[in-house]
Amino acid sequence: MESKETIVIGAGICGLLCAQGLKDSGVDVTVLEKSRGVGGRMATRRIAGGRADHGVQLFTARDLRFQMIVDEWLEEGVCKRWYVSKGSDSELGAQGYVRYCGKNGMTEAPKWIAQFLDVRKETIVEKTVYSEKDKKWIIWVDGKPAFECKSLFITAPLPQALNLLEAGNSPFEISIHDELKGVRYQKGLTVMAVMDGPSGISEHGGLRVNKNPITWISDNQAKGISPDLAIVTIHTTPAFAEEQWNASNEKRVPLIIEAAKPYLQSEIMEWQCHRWSYSFPVNPWHDICVQDKDRNLFLAGDAFGGPRVEGAALSGIMAAAEYIDQRA
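This is a predicted model, so every value here is computed, not measured.

Asks: What exactly am I supposed to notice about the sheet that holds strand E11 (residues 185–195) here?
Replies: In a beta sheet, neighbouring strands are held together by backbone hydrogen bonds and run either parallel or antiparallel to one another. Overall, antiparallel pairing links the five strands, which are arranged E12-E13-E14-E11-E15 in an open sheet. In the strand order of this sheet, the two ends are held by strand E12 (206–211) and strand E15 (268–281), each with one partner. The average angle at which neighbouring strand axes cross in this sheet is 20°, direction not considered. Where strand E13 (residues 214–219) meets strand E14 (residues 231–236), five bridges bridge the pair, whose relative direction is antiparallel. Directly across from Ser-218, in E14, lies its bridge partner Thr-233. Sheet strands in contact with helix H8 (residues 249–260) are E11, E13, E14 and E15, and its direction is about 100° off that of E15.

Rendered as structure tokens:
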């Protein structure tokens, strides 16, 4: 087994900023990520020679702590100001908030953070076991104990985090564990569609629809991340995603495309579809993170900070800060 002071499970924006805060304070930290890339729902995909953001499309900065991080990203050239809302937007922030996005895709900022960290990608954690005798966490990968650590941060979607603890017979105190199980997520379906010409969407390239089965359409060319190819990203409503979750792409994607046609001026040539099992937490936990002090265990993520990028980011930042304060 590799021995570390701290392990962070999950390389979404929460886990990465958590690990960055820990490392900056001198903590020996390793991040474990099951996917081939980092960023979680801050996701960008290459398609037909272009790019498409297929997870979260933008983020705002309402808290000074996150604004300072965004300012650093702006200075480093990994994100940019996209647009400022001209009207009220209850889901993504009130009128006047700047909408930011990755300069070349939403995954750019997470990739920039990850380059300074010890991130082990394609590492699928099976269970986390706490040893009362040694006062350490044992992390199981590929059917065997692979890492041991004094403190553990799990930033994966909350149901997955709880499953890892249960699999290792190391759940929270039962009442809290059962309450945490009450946090629910909405599913999401996303279609990335290559077009034979301009989309005709607004100048900045973002369009809130909120008419079943579609919530949002982004023009990645107008957004500036796919300059040579017109690709739109179409997000469905949670209700449609739930209804069509187990349907084939051949059945559900034509329904999405047909609903999008009135908003597009060019024809769709090809498409890809992505399912998000944990798209948005419906009822986030009432604290920014949760911890088990006796076992140096922290849970963080959008289930605590809220469904926005900023919420997940602040959850990771505050979890790291809590540990650093206790460690001092």
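Having seen the structure, we can now continue with the description.
Asks: Which parts of the structure should I look at to understand the packing of helix H1 (residues 13–24) against helix H10 (residues 309–327)?
Replies: When two helices pack together, their arrangement is given by the angle between the helix axes and the distance between those axes. Two numbers describe how H1 lies on H10: the axes approach to 7 Å, and their chain directions differ by 30°. If you check the angle between H1 and H10, you find them roughly parallel. The two elements H1 and H10 cross, and the hand of that crossing is right-handed. Taken together, the residues of H10 that come into contact with H1 (itself represented by Ile-13, Cys-14, Leu-17, Cys-18, Gly-21 and Leu-22) are Val-309, Ala-312, Ala-313, Ser-315, Gly-316, Ile-317, Ala-320, Tyr-323 and Ile-324. Of the residues that constitute the contact of H1 with H10, the class distribution is twelve nonpolar, three polar and no charged.

Asks: Where do I start with the side chain of Gln-67 in this structure?
Replies: Looking at the element boundaries, Gln-67 is found in helix H2 (residues 64–76). Classification of Gln-67 as buried rests on a relative accessible area of 18%. The contacts of Gln-67, once residues within four sequence positions are left out, are Ala-61 and Tyr-100.

Asks: Before we go on, may I ask you to explain the nonpolar core in this structure?
Replies: Note on soluble globular proteins: their nonpolar side chains tend to be buried together. Ile-13, Leu-22, Phe-59, Phe-66, Val-70 and Trp-73 are the most contacted members of the largest nonpolar core, which totals 48 residues. Within the residue set of this core, elements represented by two or more residues are H1, strand E2 (29–32), H2, strand E5 (79–84), strand E6 (98–102), helix H3 (108–114) and H10. Residues in contact with Leu-22, not counting those within four places in the same chain, are Thr-6, Val-8, Val-27, Val-29, Phe-153, Ala-320, Tyr-323 and Ile-324. The next biggest cluster of nonpolar side chains, apart from the first, holds 28 residues, and it includes Trp-137, Leu-180, Val-183 and Phe-304.

Asks: Quick question: what am I supposed to make of a negative patch on the surface here?
Replies: Judged by side-chain charge, Asp-24, Asp-71, Glu-72, Glu-75 and Glu-76 come together as a negatively charged surface patch. Looking at the negative patch, the element that brings in the most residues is H2, giving four residues. Structurally, Asp-24 can be placed in helix H1. What makes Asp-24 exposed here is its relative accessible area of 63%.

Asks: Just checking my understanding: could you explain the layout of surface pockets for this structure?
Replies: Taken as a whole, the largest pocket holds about 1400 Å³ of empty space. Along the walls of the largest pocket sit 49 residues, with Glu-33, Ser-35, Gly-39, Gly-40 and Arg-41 positioned nearest its centre.

Asks: Which parts of the structure should I look at to understand the packing of aromatic side chains?
Replies: In this description, an aromatic ring pair is defined by two values, namely the gap between the centres and the angle between the planes. Within the structure shown, the criterion is met by eleven aromatic pairs. Geometrically, the ring pair formed by Tyr-185 and Tyr-278 is edge-to-face, given 5.2 Å between the ring centres and 80° between the ring planes. Here Tyr-278 lies in strand E15 and Tyr-185 lies in strand E11, a separation of 93 residues in the sequence. On the numbers, 6.1 Å between centres and 90° between planes, the contact of Phe-298 with Tyr-323 is edge-to-face. Taken as a pair, Phe-298 in strand E17 (residues 297–299) and Tyr-323 in helix H10 lie far apart in primary sequence, 25 residues in all. Since its relative accessible area comes to 0%, Phe-298 is described here as buried. The class for Tyr-323 is buried, based on a relative accessible area of 7%. Through a chain of ring-to-ring contacts, the aromatic side chains of Phe-59, Phe-66, Trp-73 and Tyr-100 assemble into a single cluster. Taking NZ or CZ as reference, Lys-187 lies 5.5 Å from the ring centre of Trp-245, over its face. Taking the ring centre of Tyr-130 as reference, the NZ or CZ of Arg-295 above it sits at 5.8 Å.

What counts as what
- The numbering scheme is per chain: residues are counted from 1 as the chain's sequence reads.
- Totals for whole chains, interfaces and linings use all residues, but because this is a predicted model, local features are given only for residues with pLDDT of at least 70 and pairs of side-chain atoms are given and counted only at 80 or more.
- Side-chain numbers come from the whole structure's heavy atoms, not from hydrogens or water.
- At least two DSSP bridges between two strands are required for those strands to pair.
- Runs of E in the DSSP output that reach at least two residues are strands. Runs of H or I that reach at least four are helices, and both are numbered from the N terminus.
- Only the stretch in contact is used when a helix axis is fitted, and all axes are lines through C-alpha atoms; the angle between N-to-C directions ranges over 0 to 180 degrees.
- In what follows, a contact means two residues having at least one pair of non-hydrogen atoms within 4.5 Å.
- Under this scheme an angle from 65 to 115 degrees is roughly perpendicular, one under 35 degrees roughly parallel, and one over 145 degrees roughly antiparallel; angles in between are oblique.
- In this scheme the handedness of a crossing depends on how the near helix is turned from the far one: anticlockwise by less than a right angle means left-handed, clockwise means right-handed.
- Gly falls in the polar group here, along with every residue not listed as nonpolar (Ala, Val, Leu, Ile, Met, Phe, Trp, Tyr, Cys, Pro) or charged (Asp, Glu, Lys, Arg).
- Throughout, exposure labels follow a simple rule: accessible area from a 1.4 Å probe, protein chains only, divided by the maximum for the residue type, with under 20% read as buried, over 50% as exposed, and the rest as partly exposed.
- Nonpolar cores are built from buried Ala, Val, Leu, Ile, Met, Phe, Trp, Tyr and Cys residues. Side-chain atoms within 4.5 Å join them into one set.
- Candidate patch residues must exceed 30% relative accessible area and have no salt bridge, after which like charges are joined if within 9 Å and Val, Leu, Ile, Met, Phe, Trp or Tyr side chains if within 5 Å.
- To be clear on the numbers: accessible area is Shrake-Rupley with a 1.4 Å probe, and residue cover counts the displayed protein chains and nothing else.
- When a carboxyl oxygen of Asp or Glu is within 4 Å of a side-chain nitrogen of Lys or Arg, the pair counts as a salt bridge.
- The convention is simple: Lys and Arg are positive, Asp and Glu are negative, and His and the chain ends are not counted.
- Charge placement uses NZ in Lys and CZ in Arg. For Asp and Glu, CG and CD serve respectively.
- Points on a 1 Å grid, built from protein atoms alone, make a cavity when a 1.4 Å probe fits but cannot get out and make a pocket when they are open with protein on both sides within 12 Å along at least 5 of 7 lines; residues with an atom within 4 Å of a point are the lining residues.
- Grid points are joined across faces, edges and corners, and a volume is the space filled by probe spheres set on the points.
- Ring geometry is summarised as follows: Phe, Tyr and Trp rings, the Trp one being its six-membered ring, pair when their centres sit within 6.5 Å, and such pairs are stacked at plane angles under 30 degrees, edge-to-face over 60 and tilted between the two.
- Note on geometry: a ring has a charge over it if NZ (lysine) or CZ (arginine) is within 6 Å of the ring centre and within 35 degrees of the ring normal.

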